[in-house]
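Results of the structural survey
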Amino acid sequence: MTNIRFDDQVVIVTGAGGGLGRAYALDIARRGGAVVVNDLGGTVEGDSRSTAMADRVVDEITAAGGRAIANYDSVAEAEGAQNIVDAALQAFGRVDALVNNAGTMRIASLEDSSDEDLESLISVHLAGSYQVSKAVWPHMKRQGYGRLVFTASSAGLFGHEGQGCYGAAKAGVFGLMNGFALEGESHGILCNAIMPNAYSRMTDKAQEHIDPQMLQRASALLSEVQNAMQPEFTAGLVSFLLSRHCTSTHGMYSSCAGRIARAFVGVTAGWQGSREVPATAEDVAGNFDEICSPGRGIYAPLGPADEFRIVMSQPSPFAGGD
Ligand code: NAI
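In this text, all values refer to a predicted model and were calculated from it rather than measured experimentally.

1. Quick look at the environment of His 245
Examined against the element boundaries, His 245 turns out to sit in the loop between helix H10 (232-242) and strand E7 (251-256). Residue classification places His 245 among the partly exposed positions, given a relative accessible area of 43%.

This is the structure we're talking about:
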């Protein structure tokens, strides 16, 4: 069996003062890695700050014989992101991997969300992942090696009621991962995104907004998955994606109640119209079943060129032949 180790490696985990980030930091440290435990130490909504959360996790790691330092900067600020990377370089001399995990949550319908809600969520999830990845990039490029894990969400890929702004920020994280993955591959830098599912203070907060009757109906299912919803159940996936053994890049992975799976964006074979004259609205209406039906297969293109290749491999039934 492959033994995943981080001896001589340094990993930055943002938002590691609790929940999922803490579980990742503990697992990496247990496997010999030196960890930068970054956490702003604020509320779920992103208000206030403190040093206590990051310090507590560093104490846990060092008490168990591991190596870790704390950092309290915000990922949402370019200067803060640079400080996080500088702290790693100063303390340990290198950075091998980064988990963009820091996150906040504001629950409201899009109708009730404020501009500040949207800006705040985008600044932490999307801009924060961008800033820290950018800060670590030149260092990883120089050493010709790096592993980045971006934390997205099923609320971003699939949508979730009451989490429109949060989901939009998380959907942006997939786009960011795609870009960094394509730019990093030739430099030995591999990037993947995850969609975790775990009980944490963030999900406690989200549950406060769920209709109590619906919660009651779901209680049997929830108690069945309770154990597998602990953050530790996602740590194995993250440690693998951060390790030398991982060769995946440009991938999306879901961790849900003990099940780990790769996710794809699928496109149906669709309806191929004429390449001579544009399809009319009536053509679309008349062929809507074929446009939507997965019956002739679902494709998962890895980029625009790949989608063109798939489309061009299906000859237009309207093409004139000789
Ligand atoms: P959490 O609230 O326990 O952890 C998030 C951590 O990020 C907190 O410790 C917080 O202080 C820190 N943080 C917030 N803003 C920061 C900033 N600007 N700079 C540095 N640190 C900051 O929540 P949880 O559940 O552990 O979430 C971890 C990540 O996973 C988040 O990005 C969240 O959106 C994502 N996620 C969680 C899911 C779940 O089921 N728990 C589902 C999908 C995504």
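The discussion continues.
2. Considering the site of the ligand
Near the ligand, the surroundings consist of 30 residues, among which Leu 20, Asp 39, Asn 101, Tyr 166 and Ser 200 are the closest. Contact distances for the ligand include 2.5 Å between an oxygen atom and a side-chain N or O atom of Asp 39. Here Lys 170 contributes a side-chain N or O atom positioned 3.0 Å from an oxygen atom of the ligand. In the complex, the protein chains occlude 97% of the 820 Å² of accessible area that the ligand would expose alone. Among the elements of the structure, helix H1 (19-30), helix H4 (115-143), helix H6 (164-184) and helix H7 (201-207) are those that each provide at least two residues to the shell around the ligand. With 3 residues, the single largest contributor to the shell around the ligand is H7.

3. Observations concerning the packing of H1 against H10
It is at 9 Å that the axes of H1 and H10 come closest, and there the two elements cross at 55 degrees. Classified by the interaxial angle, the pair formed by H1 and H10 is oblique. Crossing angle aside, the handedness with which H1 passes H10 is right-handed. Contact residues: Leu 20, Arg 22, Ala 23, Tyr 24, Asp 27 and Ile 28 in H1; Glu 232, Thr 234, Ala 235, Val 238, Ser 239 and Leu 242 in H10. Counted by class, the contact of H1 with H10 contains 7 nonpolar, 2 polar and 3 charged residues.

4. Description of the nonpolar core
Judged by nonpolar contacts, the single largest core of 33 residues is most densely connected at Ile 12, Val 95, Leu 148, Phe 150, Met 177 and Cys 191. Looking at this core, the elements that each hand over two or more residues are strand E1 (10-13), strand E2 (34-38), helix H3 (78-92), H4, strand E5 (146-151), H6 and strand E6 (189-195). Once residues within four sequence positions are removed from consideration, Cys 191 is found in contact with Trp 137, Leu 148, Phe 150, Met 177, Phe 180, Ala 181, Thr 249, His 250 and Gly 251. In terms of nonpolar packing, the next biggest core, distinct from the first, is built from 30 residues, Ala 16, Leu 20, Tyr 24 and Val 238 among them.

About the cut-offs
Residues numbered from 1 in each chain as written. Predicted model: local features only at pLDDT ≥ 70, side-chain atom pairs only at ≥ 80, totals over all residues. Heavy atoms only, no water. Helix = DSSP H or I, 4+ residues; strand = E, 2+ residues; numbered from the N terminus. Buried < 20%, exposed > 50% of the residue type's maximum accessible area, 1.4 Å probe, protein only. Near = heavy atom within 4 Å. Polar contact = N/O pair within 3.5 Å; in protein donor to acceptor, adjacent residues only side chain to side chain. Areas by Shrake-Rupley, 256 points an atom, 1.4 Å probe, with all protein chains shown as cover. Axes fitted to C-alpha atoms, helices over the stretch in contact; angles between N-to-C directions. Parallel < 35°, antiparallel > 145°, perpendicular 65-115°, else oblique. Left-handed = near helix turned anticlockwise from the far one by under 90°. Contact = heavy atoms within 4.5 Å. Nonpolar A, V, L, I, M, F, W, Y, C, P; charged D, E, K, R; others polar. Core = buried A, V, L, I, M, F, W, Y, C linked by side-chain atoms within 4.5 Å.

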